[in-house]
Amino acid sequence: MPSDPKQRGKRKKKRRFQGNQHKKLKSVPDEVENERDVTDQTGNEESVHVETTDDSQPSTSKIKTLPSATPTRHVLKDRKISPKEGEITIPEMPGIKYRLTYFPSKGRAELIRLIFHAARVPFEDRRISPADWQDLKPNTPTGTLPMLEINGEKFGESGAIANWAAYKFGLMGRTDAEQLKTQAILIQATDFGEKYISPLIMEQDPEKIEALKNLLEEGVDKMFTKWEASVVQTESTGRKVFSYMVTQCMTAADLVVLHVADLTEHHIKVDWARFPRLQAVIQTVSNIAHLKTYLTNRDNPDAVSTHKVATKSQSQTPRADTDMKQHTSPKSVAATPRAKGTPRIHTK
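Residues numbered from 1 in each chain as written. Predicted model: local features only at pLDDT ≥ 70, side-chain atom pairs only at ≥ 80, totals over all residues. Heavy atoms only, no water.

1. Side note on the pattern of salt bridges
In total, this model carries 10 salt bridges according to the counting rule given. A salt bridge links R127 to D125; the nearest nitrogen and oxygen atoms lie 2.9 Å apart. Assessed through its relative accessible area of 0%, D125 is described here as buried. For D262, the salt bridge identified is with R298, shortest N-O distance 3.4 Å. Residue D262 is located in helix 9 (residues 252-265), and its partner R298 is located in the loop between helix 11 (289-297) and helix 12 (301-304); the two are separated by 36 residues in the primary sequence. In the salt-bridge network here, residues are joined through shared partners; they are K106, E110, R113, D125, R127, D262 and R298. (Salt bridge = Lys/Arg side-chain N within 4 Å of Asp/Glu carboxyl O. Buried < 20%, exposed > 50% of the residue type's maximum accessible area, 1.4 Å probe, protein only. Helix = DSSP H or I, 4+ residues; strand = E, 2+ residues; numbered from the N terminus.)

Structure follows, in structure tokens:
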């Protein structure tokens, strides 16, 4: 018996409605997942064309796919995971090239240099003359130096660069408490330098210089006394005592104390008998093999102008080839022999 035309129309309309709903609810993740299967082998970022069934225009979005062999890389990003205590684990950074530009002096770039050396990360230490600065200045992001280039992209502000490098290379501490303490010492050191060191460097009047040196002595008394109480000492299996500022391993706080002490002694004589624990921190950090090599040669412009990192010929600590043309990531300190009597580097 033929059905009622009205019923047939209702059923046809219902099927059309259900079909449209099915198309609208078609899962975009399915489309993305299909695209992921194609791009997983390269891990590159590609455009994904998503079809829509309404009147809107097709959209194109960017997704970041992960190589199937390293599914946790995206989740962990650049966090440093130490399989065993005492090992330094820095993520592979194939193809990443760092270039630090500053004048042929320590100044605002020295802490950044120390962080790169402590982490054994290859970088080009570019030192320009004041005569070249006027030509370079318009091409800097902030009109100031130091300037860090990462694969050609330029970044300014010394404090921002130092903080980024410390976090990036695992020298900011492993816990929230350690990171906060490290950051506090970095800020204290910056304030100390701005208040006491910078005026001395800029002043030309001999009488004012003497007054500023007296002011610096007062600042040393306050700041170094505070830092002296923060020192953490640890005894190694060889009965050697190593000292650090925040925890039982090296952080950026130790490097900035080393830097501030060096700048201070350039202007006044420090009575280290009053700060024995702080002096022990400086000795501990200065005796780390690859840092010791840099500290010995840093006053020689020819030795550091093309510096990348300590190599087998420069340091007693063997490591992989670090030529900038073919970057290799730093190896685990615990996995390679250390020079006898040098402290072990611990990072996150």
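Structure's up, so let's keep going.
2. Focus: the pairing of strand 4 (residues 124-127)
Both strand 3 (residues 98-102) and strand 4 contribute to a ladder of four bridges, which runs parallel. Bridging from a neighbouring strand, L100 pairs with D125 of strand 4. With helix 4 (residues 110-119) bridging strand 3 and its parallel neighbour strand 4, the resulting β-α-β unit is right-handed. (Pairing = 2+ DSSP bridges. Right-handed = clockwise from strand over helix to strand, strands pointing away.)

3. Some points on the sheet that holds strand 6 (residues 153-155)
In any sheet, the strands associate via hydrogen bonds between backbone groups, in a parallel or an antiparallel arrangement. Pairing is mixed across the open sheet formed by four strands, whose spatial order is 4-3-5-6. The open sheet has two edge strands with one neighbour each: strand 4 and strand 6. The mean angle between the axes of side-by-side strands here comes to 20 degrees, regardless of whether they run parallel or antiparallel. Direction of pairing for strand 5 (residues 147-150) relative to strand 6: antiparallel, over a ladder of three bridges. From the neighbouring strand, E149 faces strand 6, where its bridge partner is K154. Sheet strands in contact with helix 6 (residues 158-168) are strand 3, strand 5 and strand 6, and its direction is about 45 degrees off that of strand 5. (Axes fitted to C-alpha atoms, helices over the stretch in contact; angles between N-to-C directions. Contact = heavy atoms within 4.5 Å.)

4. Things to note about helix 4
With respect to burial, helix 4 is a largely interior element, 10 of its 10 residues being buried. Every buried residue of helix 4 is accounted for by E110, L111, I112, R113, L114, I115, F116, H117, A118 and A119. R120 sits one or two residues past helix 4 and shows a positive phi near 55 degrees.

5. Let's talk about unusual backbone geometry
Between L145 and the following residue, P146, the backbone shows a cis peptide bond with an omega angle of 10 degrees. Considering the arrangement of structural elements, one finds P146 in the loop between helix 5 (130-136) and strand 5. Even without glycine at this site, R120 takes up a positive phi of about 55 degrees. Mapped onto the fold, R120 is located in the loop between helix 4 and strand 4. The backbone of N151 sits at a positive phi, close to 50 degrees, despite the residue not being glycine. Mapped onto the elements, N151 comes out in the loop between strand 5 and strand 6.

6. Describing the packing of aromatic side chains
Evaluated as defined, the whole model comprises 13 aromatic pairs. A ring pair is formed by F192 and Y196, whose centres lie 5.1 Å apart and whose planes are at 50 degrees; its orientation type is tilted. Of this pair, F192 and Y196 both sit in helix 7 (residues 176-202), separated by four residues, roughly a single helical turn. Both rings, one in F224 and one in F275, keep their centres 5.7 Å apart while their planes meet at 80 degrees; by these two values the pair is edge-to-face. Linking F224 in helix 8 (residues 206-228) with F275 in the loop between helix 9 and helix 10 (276-286), this pair joins segments that are 51 residues apart in sequence. F275 shares its class with F224; the two are buried. (Phe/Tyr/Trp six-rings, centres within 6.5 Å; stacked < 30°, edge-to-face > 60°.)

7. Considerations on the side chain of E178
Position of E178 among the secondary structure elements: in helix 7. For E178, which is buried and forms no salt bridge, the nearest opposite charge comes from R174, at a distance of 4.2 Å. From its side chain, E178 meets the backbone nitrogen of R174 in a polar contact 2.7 Å long. (Lys, Arg positive; Asp, Glu negative; His and termini not counted. Polar contact = N/O pair within 3.5 Å; in protein donor to acceptor, adjacent residues only side chain to side chain.)

8. Some details on the packing of helix 4 against helix 9
Their axes nearest at 10 Å, the elements helix 4 and helix 9 cross at an angle of 135 degrees. Relative to helix 9, helix 4 is oriented oblique. The handedness of the crossing between helix 4 and helix 9 comes out as right-handed. Facing E110, L111, L114, I115 and A118 of helix 4, the residues of helix 9 in contact are A252, L255, V256, L258 and H259. Considering only residue class, the contact of helix 4 with helix 9 consists of eight nonpolar, one polar and one charged. (Parallel < 35°, antiparallel > 145°, perpendicular 65-115°, else oblique. Left-handed = near helix turned anticlockwise from the far one by under 90°. Nonpolar A, V, L, I, M, F, W, Y, C, P; charged D, E, K, R; others polar.)

9. Quick look at the environment of F192
Exposure remark for F192: the relative accessible area of 2% places this residue in the buried category. Beyond its immediate stretch of four places on either side in the chain, F192 contacts I197, L216, G219, V220, M223, V260 and T264.

10. Let's talk about the nonpolar core
Grouped together as the largest cluster of nonpolar side chains are 65 residues, with contacts concentrated most on F224, W227, M245 and L255. Here the element with the most residues in this core is helix 9; it accounts for eight residues. Sequence-distant contacts of W227, that is, excluding residues within four places in its chain, are made with I185, Q188, A189, M245, V257, V260 and L278. (Core = buried A, V, L, I, M, F, W, Y, C linked by side-chain atoms within 4.5 Å.)

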